[in-house]
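Each chain, letter by letter, is given below.
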Amino acid sequence: MSIRITLAGATGWVGKALVAAIAASDDLVLAGAVSRSAAGQDAGEAVGLPRLGVPISATLEEALTAPSDVVIDYTKPGVVKAHTLTALAQGRHVVIGTSGLSAEDYAEIDDVAQKAGRGVLAAGNFSITATLLRRFALEAARYVPDVEIIDYASAKKPDTPSGTARELAELLSEVRHVATSKPVNELTGVRETRGGSLGAKEPVQVHSLRMPSFVLSCEAVFGADNERLVIRHDAGSSAAPYVAGTLLATRRVGSFIGLRRGLDSVMD
C-alpha cells in the first residue's frame, strides 16, 4: 500500500529532488505540496517535471486538506516547529529535515507526538555518510574525553550551528567523559572565541564558520595525549545524498510512536 506524502518546501533545494524521487517511486505518492513562492502551480511543473496533478499550496494547513500519511518538512527554522505540531494535530507522522530546532523544541514535539500516537523522525542530516560520522564519533567518545565540533556552512546559512552539528553535540554530550580542557567560565580574554556549549550532560564546544565556498561540512575533533582523531563529513553541491535517507525515514516513521532523532535510529 502506497504511503501518501505532504511535502513542505517542495520547490527548495532538497524539495525539488524529493518531488522527482517520490514521483519515480513505486510505493510513495505525492498527495500535497507546500511552497509559498509557487502556490497554485502544479508540483511537477514547478520543479521541471511533467505535470503530476498535485497543486502547490501556500500553507501546510491548506495542503493537509488532502488525505496523507506523512508530512516531510524541508522549510525554514522559523516555521518547522509549527508545521510539525500542525501535522501531528492532523494525525500525520512527520519527517523533519529542517534544522534549527532546540532540545526544548524536540522535547515538546516528542510529548505531542506521544499523545497523538504518531511518529516523528528528525535528523540534522539525512545523508548516509553524515549518519556514519555520527556513529563513528559516538564510538570514539567512549574512549577519548576531549572532543569539539567545527561546523562549516555557506555565508548565507541562517541558523547556527547547523542541524548536523547541533544534533551531534547533543548526542556526544550524553556519552562523553569529562573534558580535560579548562572550563570556559574559568577562561580570561574573549570567552566567545571558544565557541558555544551544547548538550545537557557534558557540554560540547561547537565552532561555526559561515563563508563562501562551503556547502556543509562537520568535523568532530578528538584530542588525547600526543595524538588526535578527526572525523569529518563534507557535503557536495547536489541534494542527492539527502533523498535516499529522507525516503527511508518516510517509510519507517509510521512504525513507532514519539520522536526519534537521527537516521540511524531506524537503520537496521
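Above this text sits the structure in question.
As a starting point, this report considers the structure included with it. What you see is a predicted model; the values in this text were computed from it and never measured. (Residues numbered from 1 in each chain as written. Predicted model: local features only at pLDDT ≥ 70, side-chain atom pairs only at ≥ 80, totals over all residues. Heavy atoms only, no water.)

## Here we look at the pattern of salt bridges
This is how the line gets drawn: When a carboxyl oxygen of Asp or Glu lies within 4 Å of a side-chain nitrogen of Lys or Arg, that pair is called a salt bridge. For helices the rule is a DSSP run of H or I covering at least 4 residues; for strands it is a run of E covering at least 2, with both sets numbered from the N terminus onward. Residue exposure (1.4 Å probe, protein chains only): buried if accessible area is under 20% of the type maximum, exposed if over 50%, otherwise partly exposed.
Per the counting criterion, the structure on display carries 16 salt bridges. The partner of Asp69 in a salt bridge is Arg4, and the shortest N-O contact between them spans 3.1 Å. One end of the pair, Asp69, is in the loop between α3 (60-63) and β4 (70-73); the other, Arg4, is in strand β1 (residues 3-8), with 65 residues separating them in the sequence. For Asp69, a relative accessible area of 24% translates into the label partly exposed. A residue is classified by how much of its surface remains accessible, and Arg4, at 33% relative accessible area, is partly exposed. Between Lys157 and Asp159 there is a salt bridge; the shortest N-O distance is 3.1 Å. We classify Asp159 as buried; its relative accessible area is 9%. What you see here is one network of salt bridges that share partners, running through Arg134, Glu167, Glu170, Arg261 and Asp264.

## A short note on the side chain of Thr6
Inclusion rule: Definition of a polar contact: a pair of N or O atoms within 3.5 Å, with one able to donate and the other able to accept a hydrogen when the atoms are protein atoms, and with sequence-neighbouring residues admitted only if both atoms are side-chain atoms.
Relative to the elements of secondary structure, Thr6 occurs in strand β1. In terms of polar contacts, Thr6 uses its side chain to reach the side chain of Ser68, at 2.8 Å.

## Structural notes on the sheet that holds strand β8 (residues 196-198)
For the record, the criterion: At least two DSSP bridges between two strands are needed for those strands to be called paired. Whenever a helix is involved, its axis is fitted only over the stretch in contact; in every case the axis is a line through C-alpha atoms, and angles between N-to-C directions fall within 0 to 180 degrees. Any two residues whose heavy atoms approach within 4.5 Å at even a single point are treated as in contact.
Spatial ordering of the open sheet is given by β8-β9-β7-β10-β11, a layout of 5 strands whose pairing is mixed. The sheet terminates laterally at β8 and β11 (227-235), the two strands that pair on one side only. Taking each pair of neighbouring strands and ignoring which way they run, the sheet shows an average axis angle of 25°. Summarising the sheet, β8 and strand β9 (residues 204-210) pair through 3 bridges and their orientation is antiparallel. Of the residues in β9, the one forming a bridge with Leu198 is Val204. Contacting β7 (146-153), β8, β9 and β10 (216-224), helix α7 (residues 163-175) crosses the sheet at an angle of about 170° to β7.

## Side note on α7
The criterion, for reference: For a helix, the expected span equals 1.5 Å multiplied by the residue count minus one.
The end-to-end C-alpha distance of α7, which contains 13 residues, comes to 19 Å, matching closely the 18 Å that a straight helix rising 1.5 Å per residue would cover. Counting buried residues in α7 gives 10 out of 13 residues, a clear majority hidden from the surface.

## Remarks on the sheet that holds strand β6 (residues 119-122)
The sheet built from 7 strands is open, its strands ordered β3-β2-β1-β4-β5-β6-β12 with parallel pairing. Edge positions in the sheet fall to β3 (56-57) and β12 (258-261), since each has one partner strand and no second. Sheet topology places β6 next to β12; 4 bridges connect them, and they run parallel. In the strand pairing of β12, Val120 is matched with Leu259.

## Some remarks on the side chain of Arg92
How we decide: His is not counted, nor are the chain ends; Lys and Arg add positive charge and Asp and Glu add negative charge.
Within the element layout of this structure, Arg92 appears in the loop between α4 (77-89) and β5 (93-96). Nearest to the buried, unbridged Arg92 among oppositely charged side chains is Asp69, at 7.3 Å. Among the polar contacts listed, one links the side chain of Arg92 to the backbone oxygen of Ala66, at a separation of 2.9 Å. Within polar-contact distance, the side chain of Arg92 engages the backbone oxygen of Gln90 at 2.9 Å. Setting aside its immediate chain neighbours within four residues, Arg92 contacts Leu64, Ala66, Pro67, Ser68, Asp69, Val70, Val71, Ala87 and Arg118.

## A short note on unusual backbone geometry
Note that the residue after Thr160, namely Pro161, is joined by a cis bond; omega there is -5°. Considering the arrangement of structural elements, one finds Pro161 in the loop between β7 and α7. For Ser213, which is not a glycine, the phi torsion comes out positive at approximately 90°. Topologically, Ser213 is positioned in the loop between β9 and β10. Classification of Ser213 by relative accessible area gives exposed; the value is 73%. If you check the backbone angles, Asn226 has positive phi at about 65° while not being a glycine.

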